[in-house]
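Spelled out, the chains give:
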Amino acid sequence: MRIIPLLLILAFFSFHAPAISQTLIDNNNIPYKLGVFIDGCERWDGGCDLDYIRTEITAVDFYRDNQKADVFLLINRNRSGGGGRQYQLIFIGQQNIHAGRRDTLYVDNKQTDTDFEVREKLTRFIKLGLAPYVAKTKAGEEIEINMKTDAVIREDSIQESVDPWNYWVFNVGGDTNIELEELSSEINIGGNINIDRITDEWKISLSGRIDERLRRTIQRVPRVDDNGDPVLDGDGNQIIDEVVSNFDVSEFGFNHQLVKSISPRWSYGYDIAGRQNTRLNYKFQMSFRPAVEYNFFPESVQNSKFLRVNYGVELRNNRYVEETISGFLEETRVLHSLRTSLGFNKRWGNLEVGYRLRNYLDDFSSWSTGLNIRADVRVTGNLSFFIRAEANYVKDQIYLAAGDFTEQDILSGRVTLPSAYNIDTRFGFNYRFGSILNNFVNRRFFGRANFVGND
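First, a word on scope: everything that follows refers to the structure included in this document.

The rules we used
Residues numbered from 1 in each chain as written. Predicted model: local features only at pLDDT ≥ 70, side-chain atom pairs only at ≥ 80, totals over all residues. Heavy atoms only, no water. Pairing = 2+ DSSP bridges. Helix = DSSP H or I, 4+ residues; strand = E, 2+ residues; numbered from the N terminus. Phe/Tyr/Trp six-rings, centres within 6.5 Å; stacked < 30°, edge-to-face > 60°. Buried < 20%, exposed > 50% of the residue type's maximum accessible area, 1.4 Å probe, protein only. Lys NZ or Arg CZ within 6 Å of the ring centre and 35° of its normal.

Considering the pairing of strand β11 (residues 282-295)
Across 11 bridges, strand β10 (residues 266-277) lies against β11 in antiparallel orientation. Note on β11: the bridge partner recorded for Ile272 is Phe288. Between β10 and the antiparallel strand that follows it, β11, lie four residues; Asn281 among them carries a positive phi value of about 70°. Direction of pairing for β11 relative to strand β12 (residues 305-320): antiparallel, over a ladder of 11 bridges. Directly across from Ser287, in β12, lies its bridge partner Arg316.

Written out as structure tokens, the structure reads:
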């Protein structure tokens with residue numbers, strides 16, 4: 001009778017041995033390299049340098065097609081307090097044994113860090129995030145990981161919280177554009193300044209911008225006499241006069257904002273703004289807008305998604321260059337506005353939708369509403385498209401100047417014409433084909449990429 005249990009045991013192992021053997025074979029059949037697709041580097045300059053990342057990380061294959069990659073790396077960027085940069089790295093497993101896995105890392109940088117220091121630290125964290133995935137490839141056998149830290153670095157990181165600037169950040173910039181043609185010339189000069197202080201509890205910003213557009217045009221007009229007959233020179237040719245017109249369009253403005261966080265979702269604050277815009281008939285406009293805002297998502301996920309609603313009441317004082325169609329050279333008005341913004345940053349791309357509704361409290365027939373959409377969508381692994389669109393329905397053009405304007409005033413953009421709506425759009429697509437690998441960096445011969453204009 002004892003032989004029966006023994007036979008049963010032998011029969012059990014004889015039936016299951018092939019299954020056990022097959023499991024071992026499958027586990028050993030691992031890929032040589034990990035396939036990685038990175039999304040986010042192309043949206044910002046500075047530290048997120050895809051060429052540098054590909055040069056420093058050679059233990060993986062970088063794919064052009066996101067759908068074929070084993071791991072999808074989404075890089076989001078946000079400004080941190082003191083003017084630094086914070087990168088959010090989201091590692092999403094897509095294929096084979098990595099499917100369903102998701103890891104997130106945050107990389108904080110100081111405002112004093114150079115672009116080289118930022119990209120070096122960002123690349124180091126990308127290596128850390130990819131390490132668990134690479135460990136399951138044959139290429140992982142050739143990688144050496146140094147888990148040591150330097151005591152000096154730890155001391156520096158402790159002292160980093162002591163900021164001699166108290167989180168204040170200053171930025172100054174300027175730009176010039178010159179266009180010359182046979183019968184016209186245009187010079188655009190601009191400058192800006194930004195001062196910010198951002199902490200978890202407070203947001204303070206001051207900014208200013210000035211733009212000056214000088215345009216000179218020449219019109220060639222055939223000369224005629226009082227009867228409308230051509231006036232000829234000594235050779236019998238009609239005399240052509242050159243009529244020179246000069247236009248000067250000035251714009252400058254400043255803005256101050258202060259925001260206080262009440263809770264992770266509620267905040268309140270105000271905006272103070274002033275501007276001169278001769279095209280919109282503003283000799284000077286001054287406004288003050290206190291407001292409250294609610295964020296439906298906590299700040300911890302604002303890099304991936306946000307939904308904010310902002311309501312405020314605004315006091316405006318307008319001084320005009322020309323008398324308006326209502327007969328005013330100066331007026332003070334009160335209006336209120338509701339603004340909402342919804343944004344997502346996902347594997348398929350990013351989307352942001354904004355909506356605004358406002359009207360003057362003393363005249364509810366004077367109002368406007370607008371919708372804007374910004375989207376970058378990846379349709380397939382190789383095809384993507386983008387769209388930027390803004391549309392406004394306008395019934396509050398109280399700034400329109402009265403009187404008639406010359407054709408030159410209109411063509412030069414010196415004045416704004418009445419309109420019930422305005423639409424501004426830009427869209428396009430991009431299609432990639434060919435090799436799915438994106439591993440190599442070669443910057444030889446920039447060619448014509450650095451030139452502006454026609455050859």
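Here's the deal with unusual backbone geometry
A positive phi angle is found at Asn281, which is not glycine, with a value near 70°. In this fold, Asn281 is placed in the loop between β10 and β11.

Notes on the packing of aromatic side chains
Taken as a whole, this structure holds eight aromatic pairs when the rule is applied. Look at Phe37 and Phe72: their rings are 5.3 Å apart centre to centre, the planes differ by 45°, and that puts the pair in the tilted class. Residue Phe37 is found in strand β1 (residues 34-39), and its partner Phe72 is found in strand β3 (residues 71-79); the two are separated by 35 residues along the sequence. Exposure class is identical for Phe37 and Phe72. Each is buried. Pairing Tyr282 with Tyr320 gives two aromatic rings, centres 5.9 Å apart and planes at 25°, and the pair type is stacked. Here Tyr282 is found in strand β11, whereas its partner Tyr320 is found in strand β12, with 38 residues between them in sequence. Comparing Tyr282 with Tyr320, the two get one shared label, buried. It is Arg101 that lies over the ring of Tyr133; its NZ or CZ is 4.9 Å from the centre.

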